[in-house]
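# Observations on the three-dimensional arrangement
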Amino acid sequence: MPSTSPKKRYTKEHEWVTLDGDIATVGITDHAQQQLGDVVFVELPEPGRAVAAGDACAVVESVKAASDIFAPLTGKVVETNPGIIDDPALVNSDAEGEGWFFRLEIDDTAAFEALLDEDAYNEYLETLD
């Protein structure tokens, strides 16, 4: 039976993206949260904000550092995750699930396909050691 979970893509800036129709859900990878350490604060983009691929549009702060989160695709922010505002540790405990950051309505679903698949992302991680 085929998997019903959405396909996931990755960026070299350590964001992950899933796509459901024209809605892309964006978060940071498990690798990124491990590098950051304990997340203590997140700043999310305002719903309605237009972002271009590569734009810094959110911030995650940990006990070690603050890091920008980049829009992996061009679109309009349609939702943010209130759960990580209330409990930033969700980013650590479930980075690639309940710890998502925001959702974008995108026009170009082909741009999603151009992002790294899981194998390519894992190969990229191996070059960072």
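The residue numbers shown here count from 1 along each chain, following its written sequence. Note on the predicted model: pLDDT of at least 70 is required for a residue's local features to be given, and 80 or more for side-chain atom pairs to be given and counted; whole-chain, interface and lining totals, by contrast, use all residues. Side-chain numbers come from the whole structure's heavy atoms, not from hydrogens or water.

A few words on the overall build of the chain. On a plain count of helices and strands, the chain comes out with five helices and nine strands. Going residue by residue from the N terminus, the α and β elements of the chain occur as β-β-β-α-β-β-β-β-β-α-α-β-α-α. C-alpha atoms define the radius of gyration, and 2.2 Å times the number of residues to the power 0.38 defines the globule rule. In summary, the chain has a C-alpha radius of gyration of 14 Å against a globular reference of 14 Å for 129 residues, a match within 12%. Viewed in the frame of its principal axes, the chain has a C-alpha envelope of about 35 × 35 × 30 Å. In DSSP terms, a helix is any run of H or I states spanning at least four residues, a strand is any run of E spanning at least two, and both are numbered starting from the N terminus.

Looking now at a nonpolar patch on the surface. By definition, no residue in a patch forms a salt bridge, and every one has over 30% relative accessible area; like charges are joined within 9 Å, nonpolar side chains (Val, Leu, Ile, Met, Phe, Trp, Tyr) within 5 Å. All accessible areas in this document rest on Shrake-Rupley with a 1.4 Å probe, and a residue is counted as covered only by the protein chains that are shown. A side-chain nitrogen of Lys or Arg and a carboxyl oxygen of Asp or Glu constitute a salt bridge if their distance falls within 4 Å. Taken together, Val 40, Phe 41 and Val 63 make up a surface patch of nonpolar side chains, about 280 Å² in accessible area. Note on placement: Phe 41 falls in strand E4 (residues 39–43).

So, about the nonpolar core. In this structure, Val 42, Leu 73, Phe 101, Phe 102 and Leu 104 are the most contacted members of the largest nonpolar core, which totals 26 residues. Those elements giving two or more residues to this core turn out to be strand E2 (15–20), strand E3 (23–28), helix H1 (30–36), E4, strand E6 (56–62) and strand E9 (102–106). Those residues in contact with Phe 101, other than ones at most four positions away along the chain, are Val 26, Gly 27, Ile 28, Val 42, Leu 44, Ala 58, Val 60, Ile 69, Thr 80, Asn 81, Ile 84 and Val 91. Tyr 10, Trp 100, Tyr 121 and Leu 125 belong to the second largest nonpolar core, which has five residues in total. Throughout, nonpolar core names a set of buried Ala, Val, Leu, Ile, Met, Phe, Trp, Tyr and Cys residues whose side chains join them through atoms within 4.5 Å. The cut-offs for exposure are 20% and 50% of the maximum accessible area for each residue type, with area from a 1.4 Å probe on protein chains only; residues under the lower value are buried, those over the upper are exposed, and the others partly exposed. It only takes one pair of heavy atoms within 4.5 Å for two residues to be counted as in contact.

Charged residues are defined narrowly, with Lys and Arg counted positive, Asp and Glu counted negative, and His plus the chain ends left uncounted. In this description, the location of a charge corresponds to atom NZ of lysine, CZ of arginine, CG of aspartate or CD of glutamate. On the surface, Asp 117, Glu 118, Asp 119, Glu 123, Glu 126 and Asp 129 cluster together into a patch of negative charge. Looking at where Glu 118 falls in the secondary structure, it is placed in helix H5 (residues 118–126). Accessibility expressed as a relative area gives 48% for Glu 118, which makes it partly exposed.

Paired strands, in this sense, are two strands between which DSSP finds at least two bridges. On the basis of which strands lie adjacent, the open sheet formed by three strands has the order E4-E6-E7 and antiparallel pairing. The sheet terminates laterally at E4 and strand E7 (66–70), the two strands that pair on one side only. The average angle at which neighbouring strand axes cross in this sheet is 25°, direction not considered. Two elements, E4 and E6, share four bridges in a ladder whose sense is antiparallel. Paired with Val 39 across the strands is Ser 62, a residue of E6. With axes taken as lines fitted to C-alpha atoms, and helix axes fitted only over the stretch in contact, angles between N-to-C directions fall between 0 and 180 degrees.

Looking now at unusual backbone geometry. Residues apart from glycine generally show negative phi values, whereas peptide bonds are mostly found in trans. One non-glycine residue with positive phi stands out, namely His 14, at about 75°. By the secondary structure assignment, His 14 is in the loop between strand E1 (8–10) and E2.

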